[in-house]
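# Commentary on secondary and tertiary structure
Chain by chain, the residues:
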Amino acid sequence: MPYTIKNNRALRQILWLDFILGGSTALVGILFSEPLTGFLGFSQQFILTVSIITGLYALLALRLALQTVISVRMLRLLILANWIWALISIGLLFFYFKPATIPGKIFLILQVLVVGGLAWFENKQLKHPVS
């Protein structure tokens, strides 16, 4: 029995939220990477890398949100990618926490919570096959 979606409307809302949060974070990071270095306490390369990765996740969420019938396979890919990025973000939190400014520390913590939360809420909209 394949995976199915429990509530298309709720899932679409979560996907739109994923796109808006990820897309706005990516856009701000890309457009303002240089001034953000002093504000967050990260290098410009770090800010750009995180922004580009976040933007790619946002585009996948947008693609899913716009589909007439949401692809379960692509949704599972997004969920897995979000979990992986949440785990990587935990590593970034430990590695970059000390040099970060207070806003940078808040950003690192929020990134883990938001990405992990989105993965969890998106996964809750999947009905898993019974073994």
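Data block above holds the structure.
First, a word on scope: everything that follows refers to the structure included in this document. This structure is a prediction, so every number in the text was calculated from the model and none was measured.

Our focus in this paragraph is the packing of aromatic side chains. All told, the structure shown has eight aromatic pairs when counted by the stated rule. Against the face of Phe97 rests Lys105, its NZ or CZ located 4.8 Å from the ring centre.

One can find Thr54 in helix α3 (residues 44–66). What makes Thr54 buried here is its relative accessible area of 11%. Excluding residues that lie within four positions of it along the chain, Thr54 makes contacts with Gly22, Thr25, Ala26 and Trp85.

Of all hydrophobic cores here, the largest spans 28 residues; its most connected members are Leu15, Phe42, Leu64, Leu75 and Leu78. Going through the elements one at a time, α1 (8–31), α2 (33–41), α3, α4 (72–96) and α5 (102–124) are the ones with two or more residues in this core. Take this core: its biggest share by element is nine residues, from α4. What Leu78 contacts, discounting residues up to four positions off in sequence, is Leu15, Asp18, Tyr57, Leu60, Ala61, Leu64 and Glu122.

This part covers α1. Compared with an ideal rise of 1.5 Å per residue, which puts 24 residues at 34 Å, α1 spans 33 Å between its outermost C-alpha atoms and is within 8% of the ideal. Inspection of α1 places Ala10, Leu11, Ile14, Leu15, Asp18, Gly22, Ala26 and Gly29 among the buried residues, and these make up the whole buried set. Those residues of α1 hidden inside the fold are in contact with β1 (4–5), α2, α3, α4 and α5. Between the side-chain oxygen of the N-cap and the backbone nitrogen of Arg9 there are 3.1 Å, and the N-cap of α1 in question is Asn7.

Each value, and the rule that gives it
Residues numbered from 1 in each chain as written. Predicted model: local features only at pLDDT ≥ 70, side-chain atom pairs only at ≥ 80, totals over all residues. Heavy atoms only, no water. Phe/Tyr/Trp six-rings, centres within 6.5 Å; stacked < 30°, edge-to-face > 60°. Lys NZ or Arg CZ within 6 Å of the ring centre and 35° of its normal. Helix = DSSP H or I, 4+ residues; strand = E, 2+ residues; numbered from the N terminus. Buried < 20%, exposed > 50% of the residue type's maximum accessible area, 1.4 Å probe, protein only. Contact = heavy atoms within 4.5 Å. Core = buried A, V, L, I, M, F, W, Y, C linked by side-chain atoms within 4.5 Å. Expected span 1.5 Å × (residues − 1). Polar contact = N/O pair within 3.5 Å; in protein donor to acceptor, adjacent residues only side chain to side chain.

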